[in-house]
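Structural description and commentary
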Amino acid sequence: MTKKRALYGTWPSPVVPDAVVGNGSTPEIFVDPVTSTIYHIESRAFEDGRMAIVNTKDGSDVMGSEWNARTGVHEYGGAPAIAYGGVVYFSNFTDNRVYAVKDGDEPRAITPDNRSHRFAKFAVHPVQTHLLVGILEDHTNPLPADVVTTLCVINSETKTVATLVSGADFYSAPCFSSDGTHFAWQQWFHPDMPWEGAEIYVADMNAEELSLSLSGITCVAGKRKDISAGYPIWASNDVLLFTSDISGFQNPWKYSVLARKSSPVLSTSMEFDFALPAWSLSLEWGAPLDLEGHLALFSVLKRGRSALYVVHLQSGTLEEIECPYVGASIIKRVTDGTVVFIGEKSTESKSIVLCTVSGYEKHRFSSLCTVEVAGAAAISRSFISIGQPIALRAPPHGDPLHVIYYPPTHPDYDGMPDEKPPCVVGIHGGPTGFTSQGLDWTKQFFTSRGWAWLDVNYGGSSGYGREYINRLAGKWGIVDVRDSVHAMQQLSMAPYSLIDAKRSAIRGGSAGGFTTLATACFAPQAFAAGTSSFGVSDLRRLAEETHKFESHYLFGLVGGTIEQIPKVWEARSPVFNTDKIQSPLLVRDIQSMQCRQILKIAQILQGSIDAVVPPAQAEDIVKSIRSRGGRVEYTVFEGEGHGWRKAETIKAAVLQEIAFYEDVFAIGSTKKNPNCTVQ
């Protein structure tokens, strides 16, 4: 069938804002090691973003709608729940207490009433099953420098909390061997982030009816500032499995309690990452396939997408299994030979996948549950744009630059002859983050209407080894800006010639919002418009106000402390450079084939209760732009934090964003969304 011709950006689309609402919710999963029951935690955008625990097999909620299984540990949270022997333990976001619930009973509190205490990442002792270990983040003194993080013991019978391990700035991943005699955890100190320098510790566990204590504490891997070791999990009562980037890539390692020795699992290290940075406490990238220390399954990032490997822990060999998913994360053991994980495809919504690994049969994948996206089931796959990974070279030294291009896609429409599509350039957060190739309905919202979309995994992104991450060290606001501009420009020129550079907009949230604002300041001729969501504008103020987890992160990204290099901190902050945003730009009006001259403009979206990037970051740059006569649209979403959780916010944000671009590029005529108040 011959396609109709219409201007890019004006095509009718069945991808409605409701589809975008379910887009960002990645469920967490956990497994009861006694009953093998699989549970997942899903975000309910239409219930004000609360997190509900669901029995994955029968789809029933574990507790009522008044409960919110979410934690604020590290602000980014993750791992708020665990199950053991039919009992589900969870952190309730409303009061920060830990609760236990079983067989549909009403949840009962097992920690004291103290809103200053936050809990996450639990482990249940396999013998004294009423004793749990978890992360305790104590905000009694709320300044980031005064927040205290420990590993604690929760006695679910006496409802008491006691310290187990203290002294480090951060802890994660507490885990018991299956017989309960050994214990392991990860810890790190400022100024490191866990992917920069983190250590793995192992100790003998002394378990009594009322208490747990440790002896023979030993650091088995990792080194402050230099080597990141993480994601410990017991493969047997003797062997602890974890990852380390000592080779330059996160590869699997093991520690033997009996031999008191750490060693690489693989006979030859691989130049692929077997784990990504621990932005969320829920992330896990490998799981044992038995409890005798023979086999494990790992998700490996390979050329920008996931690959699955069976790792033979004794021989150090690998077996890649056919993987139909572009993304596989939060891998959990279910039974021998069976794991469950979150699977992402390019054409389907995220799903909870059961994987059965057998040496004699073809490995089997079955979807247990798919993230429900309103209206998405009726959308034909012919509307879905498939990401095309492209490896570019970035100046000045020809460093690799990884991007993903999504072409405009519609079964019935094509663009006008000799017209190139407008393009949205997406910048991920972190900045030590990564953009996958999984189906994202926000991108499809644009591509199905005739827009191109370009994701940039700029230098400093994860998933391509430590050297790639380190390209951003001391150069945040330089390398990310340069790579974003270069990626857009190169794809607009031969041999690619895929997009219209004069109708390109840059957008990002959090650290991606910083890169958006920095690009508008330091590369003012590159993009015609930009959208910053909860983005950083003042690096100095962020260092003073942000939360504990990232309070020293900026020192490495900028290249020193504020006291050491004050001029650099000011020079990199967009709020002090808004005068550069006002340089004129030519924007082609396709409908009249004329050009008009406008000032550089921007859109800023912010949550009112954001503790990671406080609202003052947005307010300051809005004032600065307006004081210089620039145009900026500023929207505050009440009750939202660092990222959008509520359905009405998610829909309002995407509608306002596309209307903003259509206005800038003179595409069609879209009315402003009445649910957004532009200040």
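The model shown is predicted, which means the values in this text are computed figures rather than measured ones.

Some points on the nonpolar core
- Residues L454 and V456 are the most contacted members of the largest nonpolar core, which totals 63 residues.
- Looking at which element gives the most residues to this core, the answer is helix α4 (residues 479-492), with six residues.
- Apart from the residues lying within four places of it in its own chain, the contact partners of L454 are V403, I404, Y405, C423, V424, V425, G426, A487, M488 and L491.
- By size, the runner-up hydrophobic cluster in this structure holds 30 residues, among which are A19, A505, A529 and Y661.

Here's the deal with the side chain of T56
- Structurally, T56 can be placed in the loop between β4 (50-55) and β5 (81-84).
- Take T56: its relative accessible area is 6%, and that puts it in the buried class.
- Within the structure, the side chain of T56 is placed 2.8 Å from the side chain of H40, a separation counted as a polar contact.
- Sequence-distant contacts of T56, defined by excluding residues within four places in its chain, comprise I38, Y39, H40, I352, L368 and C369.

Focus: helix α10 (residues 647-665)
- For α10, with 19 residues, the first-to-last C-alpha span of 28 Å sits near the 27 Å given by 1.5 Å per residue.
- When you tally the buried positions in α10, you get 15 out of 19 residues, the bulk of the element.
- A positive phi of about 55 degrees marks A666, the residue just after α10.

Considerations on the sheet that holds strand β18 (residues 239-244)
- The strand order across the open sheet built from four strands is β17-β18-β19-β20, with neighbouring strands paired in antiparallel fashion. Among the strands making up the open sheet, the edge pair consists of β17 (229-234) and β20 (261-264). Within the sheet, the average angular offset between the axes of one strand and its neighbour, ignoring direction, is 25 degrees.
- Here β17 pairs with β18 via four bridges, running antiparallel. Its bridge partner being in β18, A229 is matched across the sheet by S244.

A look at unusual backbone geometry
- That bond from H190 to P191 is cis: its omega, 5 degrees, falls within 30 degrees of zero.
- Here P191 lies in the loop between β14 (182-188) and β15 (199-207).
- Of note, the bond from A494 into P495 is cis; its omega dihedral lies within 30 degrees of zero at 10 degrees.
- Along the chain, the position of P495 falls in the loop between α4 and β34 (504-509).
- Positive phi values are uncommon outside glycine, yet E75 reaches one of about 65 degrees.
- With respect to the secondary-structure elements, E75 resides in the loop between β4 and β5.
- The residue K225 is not glycine, and still its phi comes out positive at about 75 degrees.
- Residue placement: K225 occurs in the loop between β16 (212-221) and β17.

Thoughts on the confidence of the model for the chain
- Across the chain, the average pLDDT comes to 89, with 89% of residues at or above 70.
- Residue range residues 582-601 is modelled with pLDDT below 50. Its contacts to residues more than four positions away, or to other chains, number 62 contacts.
- Here residues 669-679 is a poorly scored stretch, pLDDT under 50, and it has 23 contacts once near neighbours within four places are set aside; other chains count.

Some thoughts on the packing of aromatic side chains
- Under the counting rule described, the total for this entry stands at 33 aromatic pairs.
- Here Y8 and W11 contribute two aromatic rings whose centre-to-centre distance is 5.4 Å and whose plane-to-plane angle is 45 degrees, an arrangement assigned as tilted. Each member of the pair Y8 and W11 is classed as buried.
- For the ring pair F274 and F298, a centre distance of 5.7 Å and an interplane angle of 75 degrees mean the geometry is edge-to-face.

Structural notes on the environment of A543
- Note that A543 resides in helix α6 (residues 539-545).
- Since its relative accessible area comes to 18%, A543 is described here as buried.
- Sequence-wise, A543 and L554 are eleven residues apart; in three dimensions their C-alpha atoms are separated by 6.8 Å.
- In this structure, A543 is in contact with S551, L554, I562 and W569, ignoring residues within four places of it in sequence.

Let's talk about the environment of I321
- Here I321 shows up in strand β24 (residues 317-321).
- For I321, a relative accessible area of 3% corresponds to the buried category.
- Each C-alpha atom, one on I321 and one on L297, is 9.8 Å from the other, the two residues being 24 residues apart in sequence.
- In this structure I321 touches L297, L308, V310, C355, H363 and F365, once residues within four positions along its chain are discounted.

What counts and what doesn't
- Each chain carries its own residue numbering, running from 1 in the direction its sequence is written.
- Under the rules for a predicted model, residues below a pLDDT of 70 receive no local features and side-chain atom pairs below 80 are neither given nor counted, while totals for whole chains, interfaces and linings still include all residues.
- Side-chain measures were taken over the full set of non-hydrogen atoms in the model, leaving aside hydrogen atoms and water.
- Take the buried Ala, Val, Leu, Ile, Met, Phe, Trp, Tyr and Cys residues and link them wherever side-chain atoms come within 4.5 Å; each set so joined is a nonpolar core.
- Partly exposed describes any residue whose relative accessible area lies between the buried limit of under 20% and the exposed limit of over 50%, with all areas from a 1.4 Å probe on protein chains only and scaled to the type maximum.
- Labels follow the DSSP assignment, with helices taken as runs of H or I lasting at least four residues and strands as runs of E lasting at least two, numbered in each case from the N terminus.
- Throughout, a contact is declared for two residues whenever any of their heavy atoms are within 4.5 Å.
- In protein, a polar contact requires one atom able to donate a hydrogen and another able to accept it; more generally it is a pair of N or O atoms within 3.5 Å, and residues adjacent in sequence count only if both atoms are side-chain atoms.
- To estimate the expected span of a helix, count its residues, drop one, and scale the result by 1.5 Å.
- Strand pairing is defined by DSSP finding a minimum of two bridges between the two strands.
- With axes taken as lines fitted to C-alpha atoms, and helix axes fitted only over the stretch in contact, angles between N-to-C directions fall between 0 and 180 degrees.
- Confidence per residue, as judged by the predictor, is encoded in pLDDT with a range of 0 to 100.
- Stacked, edge-to-face and tilted labels apply to pairs of Phe, Tyr and Trp rings (six-membered ring for Trp) whose centres lie within 6.5 Å, assigned for plane angles under 30 degrees, over 60, and everything in between, in that order.

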